[in-house]
4 protein chains.
Amino acid sequence: MKATFLIHCPDQTGIISTVTSFIQENGGNIIYLDQHVDKEAGVFFMRLESDFADSQNSETNLKDQFDKRIARTYKMEWSVHFGDEKPRMALFVSKYNHCLYDLLSRYYSGELKVEIPFIVSNHDDLKYIGTQFDIPFYHIPVTKDNKARAETEQLQLLKDHSVDFIVLARYMQIISSTLIEEFPNKIINIHHSFLPAFAGAKPYHAAFDRGVKIIGATSHYVTEELDAGPIIEQDTARVSHVHKVHDFVDKGRDLEKIVLSRAVQLHVNRKTMVYNNKTVIFS
Amino acid sequence: MKATFLIHCPDQTGIISTVTSFIQENGGNIIYLDQHVDKEAGVFFMRLESDFADSQNSETNLKDQFDKRIARTYKMEWSVHFGDEKPRMALFVSKYNHCLYDLLSRYYSGELKVEIPFIVSNHDDLKYIGTQFDIPFYHIPVTKDNKARAETEQLQLLKDHSVDFIVLARYMQIISSTLIEEFPNKIINIHHSFLPAFAGAKPYHAAFDRGVKIIGATSHYVTEELDAGPIIEQDTARVSHVHKVHDFVDKGRDLEKIVLSRAVQLHVNRKTMVYNNKTVIFS
Amino acid sequence: MKATFLIHCPDQTGIISTVTSFIQENGGNIIYLDQHVDKEAGVFFMRLESDFADSQNSETNLKDQFDKRIARTYKMEWSVHFGDEKPRMALFVSKYNHCLYDLLSRYYSGELKVEIPFIVSNHDDLKYIGTQFDIPFYHIPVTKDNKARAETEQLQLLKDHSVDFIVLARYMQIISSTLIEEFPNKIINIHHSFLPAFAGAKPYHAAFDRGVKIIGATSHYVTEELDAGPIIEQDTARVSHVHKVHDFVDKGRDLEKIVLSRAVQLHVNRKTMVYNNKTVIFS
Amino acid sequence: MKATFLIHCPDQTGIISTVTSFIQENGGNIIYLDQHVDKEAGVFFMRLESDFADSQNSETNLKDQFDKRIARTYKMEWSVHFGDEKPRMALFVSKYNHCLYDLLSRYYSGELKVEIPFIVSNHDDLKYIGTQFDIPFYHIPVTKDNKARAETEQLQLLKDHSVDFIVLARYMQIISSTLIEEFPNKIINIHHSFLPAFAGAKPYHAAFDRGVKIIGATSHYVTEELDAGPIIEQDTARVSHVHKVHDFVDKGRDLEKIVLSRAVQLHVNRKTMVYNNKTVIFS
């Protein structure tokens, strides 16, 4: 039985030895440990993977013991994930298909270990991709007038399908606070600029107008403030005066899909932790 | 005799054939040609290097002929540079030494083909580097009260030494409009962020607070608006949650010196042209 | 009518002015010109895009005139491509799907402007992708014994479908000289290392064993010598001691698909020229 | 008192908890821990930084205790470094100055925390840099005939100055086994290619001839086999058909100096560990 612990708590001495001793005493073998201390904030972070001899310890018992003997003492916020559970990921899209195609091909080839119960879109342009990959596609149009009702429908879908997290694969609508509160640090967006430069609409046009020599893409968790959530992953590519806006868009597509897929993989592999609007990304 | 032409003018048909025919008729052999058309602005840009049989044509005659027969017809703004003239570069510094050291070692080893008549600084911390590299070092303190007088002194120095262009090698004072007007698109700054993100003071602190996964450096020509001039060169480096502000500073130093030296080389080799607050960078 | 000229010939003075004058005299407007001189080899290369007023000149006439008046004089090897012809691209695959998925999604979304008459594979594992994207999939098994016959079948397919060029999207068989001679500089391969390091089989294993800190991918035209053809595009990614061979493979997949797609786009847009087992890649 | 432990030993369960408990019991606070397991080799690696209340424990006592209670049990190869000892670094150079200038400016500005007792060279071309930076410069010519005697002189210098490690800052002579045996994994070289491609002489020429689109630099520990030692750091830069060999050299200089300085910093900060001709590089 493989168990992955994610922990953060006020920093103090002795946490590592206490936790690692606990694992050992319970018959676990540590196969990976990464820790980080944010000294300014006084917070300790740890990710630990271990193998347990199955018979010795039930999942429930291990959780109880850890909670009683360790977590409460150190005031930890923590979680543990057993085995190879596949999180359930909902895909929100609009009209651009490159991120959707990229994620679905990774899913189909087994590279991305998730369940994808459905794709939802405010347009029906990409319905054919749902068909190609045999994934239910829901078309929920969003207008000024029906926005609240559309969200209610979205929320219902998410609940009906027990969705764990949401990926906005170039979904061009602003996510409301209702949805954000239901999925805190569980909505992953891809923005087509190296944030915080060019937040908001039309970043490639803005980058072109500024005459930058580098464009970027940023994947982040969605928070109330637009394009200001905790950054998971970024990457950049060189451009020059010969590139027009549509060349930025072309080059950007590859950045967007690669950066988004890396962020999704980090989330799925439970390698991200959020604190003070920043991420700790474990190795 | 080597001649490098830099040209921009309203776009129209026939410019390339007219210019290249002119070169050929005057006994020149084209060894490099790069052109660019900004279609939105309707502007044509060209850089052309050619070899002339020395005897046939004097520099003055070639200039006159080009002006009369070509430049006026096409309403060109143009310049031509002969042979291996070394431009005269003034260095402005404050307390950081990495960009200064980097530029001086490139100069000393012959990699950077300029004359450096002097270094000027608002502090005397780096005077020892002037001594190490045998370059006159002027200490002109700048305070709120004496700013105007300090600039007069700087301008006098620049004139006395027939300076062609200025490099702000982490000079921590804002350049006044007087100096900018005297050296339009001839003052090169290095800013320690991937502009337009984190313009202004303390960009590494701002980048750290935002939790970016990539930091950058930007070299640009100085204009009236702070950190908003035409970008010559940018580059980026990856950071993570383990890096504190001082790690950003450490990593940033290497970015800054490499990006600045690339921009200076492009300027010295007459590979930059400015239009509409952007640069055309010839290959 | 848009015309793209690709030219190479022995270097001499006057080529640019002669060609550009020809274009102008025939009512063409040059919208792009890039040239390169390989001084050691004494070869001149040029790529030129121009717009012609349709009525004035037929394609055939333009070709004839260019051949008579220019190409013969300068001993040019040249080609001209009119309008938006879509080249016909055959896909060869084996068992890995990431490059295939990537190319097909670019094709489906209109990003990659080609016709894809068929996919051919020595295995039937990826037949389902042909079905997903509605592209004929031919399964031609290749064994030691039937290799010659298999190639005959491949060649027949290529001729029947008037294929212009071939992309080996992780096709794991060595291409025979027969096929290479039929498609000189028209077979694009992706190799999963930064060539010339780790040519041949199992490059990720070799890279892991050597303890490199950077892995790469290389797209090149296929020639007789294995993994030694003219390089079109390369890119790299960082790895560290924490990455095992399967992590190299994971990271490599993204490199491979991006590098291959860039190479294919360069070929499709007629931006590549081969000389002396190297490529000139126009901007 | 700050103590940095570097440990490797056969992998088994309980190492982390045992070591971290030891630190805690001795009044130490762990401020950094990074571990790695090479499963194939069955080896456990750890780097641990901790702060000790000075009074409680002497350096010698801590070492003895660790040795007796931990290291012997787990068959560890280990070292501990206290406080801010500055290692003593000898610089070997030939005629190229860029790496030398780069390291010396980092040293002079306090960025590189070492002592530099001397520079030694087989030529006297760079003697002036020793003078500029006030560092003793020894000229020991190396010819076929005097090679053995030259090495004896070098060794004597290294001993006289209690040198801890050697940096070959573009030193163009092959290091003999005598020197390598005296300084195992303590001689850092910079090679101007992305090894294992283009090992040996004239890598830029070889890269140019092959038509690569990327060049690189590699810093590694020197071993008996030329350019085949454990790689510490690598980086790459893009080139194109427009770049001639001398452009490769120009671009390469920046790669070389940045890659070498990163490797030296990693070594100085005791973040490198060598095993099976590979490095573990701690974060």
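Residues numbered from 1 in each chain as written. Chains lettered and ligands numbered in written order. Predicted model: local features only at pLDDT ≥ 70, side-chain atom pairs only at ≥ 80, totals over all residues. Heavy atoms only, no water.

Peer 1: What is the right way to read the sheet that holds strand 10 (residues 214-221) of chain A from this model?
Peer 2: Within a sheet, each strand pairs with its neighbour through backbone hydrogen bonds, oriented either parallel or antiparallel. Residue and element names in this part refer to chain A. If you trace the 7 strands from one edge of the open sheet to the other, you get 7-6-5-8-9-10-11, paired in mixed fashion. The open sheet has two edge strands with one neighbour each: strand 7 (137-139) and strand 11 (231-238). This sheet shows a mean twist of 20° between the axes of neighbouring strands, independent of strand direction. Bridging between strand 8 (residues 165-168) and strand 9 (residues 187-191) involves 3 bridges; their strand directions are parallel. Note that in strand 9 the partner of Leu-168 across the bridge is Asn-189. Its contacts with the sheet put helix 5 (residues 147-160) on strand 5 (89-93), strand 6 (119-121), strand 7 and strand 8, and the angle it makes with strand 5 is roughly 155°. (Pairing = 2+ DSSP bridges. Helix = DSSP H or I, 4+ residues; strand = E, 2+ residues; numbered from the N terminus. Axes fitted to C-alpha atoms, helices over the stretch in contact; angles between N-to-C directions. Contact = heavy atoms within 4.5 Å.)

Peer 1: Can you walk me through the pattern of salt bridges in this structure?
Peer 2: Two side chains with opposite charge may pair up if their charged atoms get near one another. Following the criterion strictly, the structure yields 69 salt bridges over all chains and no others. Put simply, A:Glu256 and A:Arg170 hold a salt bridge, and the shortest N to O gap is 2.7 Å. Taken together, the residues span a long stretch of sequence, with A:Glu256 in helix 8 (residues 245-268) and A:Arg170 in the loop between strand 8 and helix 6 (177-182) at a distance of 86 residues. As a salt-bridge pair, D:Asp250 and D:Arg253 come within 2.6 Å of each other at their nearest N and O atoms. Of this pair, D:Asp250 and D:Arg253 both sit in helix 8 (residues 245-268), 3 residues apart, which is roughly one turn of that helix. Residue class for D:Arg253 comes out buried when judged on its relative accessible area of 17%. Bridged by salt links that share partners, the residues A:Asp102, A:Arg106, A:Glu111, C:Asp250, C:Arg253, C:Asp254 and C:Lys257 form one connected network. (Salt bridge = Lys/Arg side-chain N within 4 Å of Asp/Glu carboxyl O. Buried < 20%, exposed > 50% of the residue type's maximum accessible area, 1.4 Å probe, protein only.)

Peer 1: How should I be thinking about the relation of the copies chain A and chain D in this particular structure?
Peer 2: The operation relating the two chain copies consists of a rotation about an axis and a shift along that axis. Expressed as a screw operation, the relation of chain A to chain D combines 0.0 Å of axial shift with a rotation of 180°, fitting to an RMSD of 0.0 Å. A rotation of that kind, with that shift, is consistent with a two-fold axis. Taking C-alpha positions as reference, the residue of chain A nearest the rotation axis is A:Ser17, located at 2.4 Å. When you check the interface residues of chain A against chain D, 100% turn up at the interface there too, and the contact is symmetric in its surfaces. (Least-squares fit on C-alpha atoms with pLDDT ≥ 70 in both.)

Peer 1: So what exactly am I meant to see when it comes to the packing of helix 3 (residues 98-108) of chain D against helix 8 of chain D here?
Peer 2: A packed helix pair is summarised by two numbers, namely the angle formed by the two axes and the spacing between the axes. Residue and element names in this part refer to chain D. Look at helix 3 against helix 8: their axes get within 9 Å of each other, and the N-to-C directions meet at 45°. Judged on the interaxial angle alone, helix 8 and helix 3 are oblique. As for how helix 3 packs across helix 8, the hand of that crossing is right-handed. Residue-level contacts link His-98, Cys-99, Asp-102, Leu-103 and Arg-106 of helix 3 to Arg-253, Glu-256, Lys-257, Ile-258, Leu-260, Ser-261 and Val-264 of helix 8. (Parallel < 35°, antiparallel > 145°, perpendicular 65-115°, else oblique. Left-handed = near helix turned anticlockwise from the far one by under 90°.)

Peer 1: Looking at this structure, I do not really get the relation of the copies chain D and chain C. What am I missing?
Peer 2: Note on the copies: chain D fits chain C at an RMSD of 0.0 Å, the axial shift is 0.0 Å, and the rotation between them is 180°. Both copies share a contact surface, since 100% of the interface residues of chain D are interface residues in chain C too.

Peer 1: Explanation requested: the domain arrangement of chain A in the structure shown.
Peer 2: Note: interface size is frequently given as the accessible area lost on complex formation between the parts. Residue and element names in this part refer to chain A. Under the domain assignment, chain A is made up of domain 1 (2-82) and domain 2 (89-281). Between the C-alpha centres of domain 1 and domain 2 the distance comes to 32 Å. Taken together, the contacts link 10 residues of domain 1 with 7 residues of domain 2. Broken down residue by residue, the surface that domain 1 buries against domain 2 is led by Leu-6, Phe-45 and Arg-47, which jointly contribute 46%. For the pair domain 1 and domain 2, the interface holds 3 residue pairs in polar contact (both at pLDDT 80 or more). Contributing elements (two or more residues each) for the side of domain 1 that touches domain 2: strand 1 (2-10) and strand 3 (43-52). Of the residues forming the side of domain 1 that touches domain 2, the biggest block, 4 residues, is contributed by strand 3. (Domains from an automatic or database assignment. Buried area = accessible area lost by both parts, 1.4 Å probe. Polar contact = N/O pair within 3.5 Å; in protein donor to acceptor, adjacent residues only side chain to side chain.)

Peer 1: What exactly am I supposed to notice about the packing of aromatic side chains here?
Peer 2: Summed over the entire model, instances satisfying the criterion amount to 60 aromatic pairs over all chains. Plain terms: the ring middles of C:Phe22 and C:Phe66 are 5.4 Å apart, the flat faces sit at 75° to each other, and that makes the pair edge-to-face. Here C:Phe66 lies in helix 2 (residues 59-71) and C:Phe22 lies in helix 1 (residues 15-25), a separation of 44 residues in the sequence. In this structure C:Phe66 comes out as buried when scored by relative accessible area, which is 0%. Here D:Phe92 and D:Tyr171 contribute two aromatic rings whose centre-to-centre distance is 5.3 Å and whose plane-to-plane angle is 90°, an arrangement assigned as edge-to-face. Of this pair, D:Phe92 sits in strand 5 (residues 89-93) while D:Tyr171 sits in the loop between strand 8 (165-168) and helix 6 (177-182), and the two are 79 residues apart along the sequence. Comparing D:Phe92 with D:Tyr171, the two get one shared label, buried. Among the aromatic residues, those joined into a cluster by ring pairs are A:Tyr101, A:Tyr107, A:Tyr108, A:Tyr128, A:Phe133, C:Tyr101, C:Tyr107, C:Tyr108, C:Tyr128 and C:Phe133. Between A:Lys271 and the ring centre of A:Tyr32, over which it is positioned, the NZ or CZ distance is 5.9 Å. (Phe/Tyr/Trp six-rings, centres within 6.5 Å; stacked < 30°, edge-to-face > 60°. Lys NZ or Arg CZ within 6 Å of the ring centre and 35° of its normal.)

Peer 1: Would you mind showing me how to read the interface of chain A and chain D here?
Peer 2: On the chain D side, the residues contacting the 14 residues of chain A number 14 residues. Of the roughly 1300 Å² buried between chain A and chain D, counting both surfaces, carbon and sulfur atoms make up 52%. The three residues of chain A that bury the most area against chain D are A:Ser17, A:Gln24 and A:Leu33, which together make up 30% of that side's buried surface. Joining chain A to chain D, the criterion identifies 0 salt bridges. Inspection of the chain A/chain D interface yields 4 residue pairs in polar contact (both at pLDDT 80 or more). Every element with two or more residues in the side of chain A that touches chain D is listed here: helix 1 (15-25) and strand 2 (28-38) of chain A.

Peer 1: When you look at the pairing of strand 13 (residues 278-281) of chain C in this model, what are you seeing that I'm missing?
Peer 2: The two faces of the sheet receive side chains in turn, since in a regular strand these alternate between them. Residue and element names in this part refer to chain C. The alternating pattern of strand 13 places Lys-278 and Val-280 and Thr-279 and Ile-281 on opposite faces, both of which are buried. Pairing of strand 12 (residues 272-275) with strand 13, which is carried by 4 bridges, proceeds in the antiparallel orientation. When the sheet's bridge partners are listed, Met-273 is paired in strand 13 with Val-280. The hairpin turn running from strand 12 into strand 13, its antiparallel successor, is 2 residues long, and Asn-276 in that turn takes a positive phi close to 55°.

Peer 1: Honestly, the environment of C:Val222 in this entry has me stumped. Any pointers?
Peer 2: All names here are of chain C. Structurally, the position occupied by Val-222 is in the loop between strand 10 (214-221) and strand 11 (231-238). For Val-222, a relative accessible area of 9% puts it in the buried group. Expressed as a C-alpha distance, the spacing of Val-222 and Ile-190, which sit 32 residues apart in the sequence, is 9.6 Å. The contacts of Val-222, once residues within four sequence positions are left out, are Leu-168, Ile-175, Ile-180, Ile-187 and Asn-189.

Peer 1: Help me out: how do you make sense of unusual backbone geometry in this one?
Peer 2: Here the amide bond leading from B:Leu195 into B:Pro196 is cis, since omega sits at 10°, within 30 degrees of zero. Looking at where B:Pro196 falls in the secondary structure, it is placed in the loop between strand 9 (187-191) and helix 7 (203-210). The phi dihedral of A:Asn185 falls on the positive side, at around 55°, and the residue is not glycine. With phi around 50°, B:Ser162 is a residue other than glycine that occupies positive phi space. Take B:Ser162: it is sitting in the loop between helix 5 (147-160) and strand 8 (165-168). The class for B:Ser162 is partly exposed, based on a relative accessible area of 46%.

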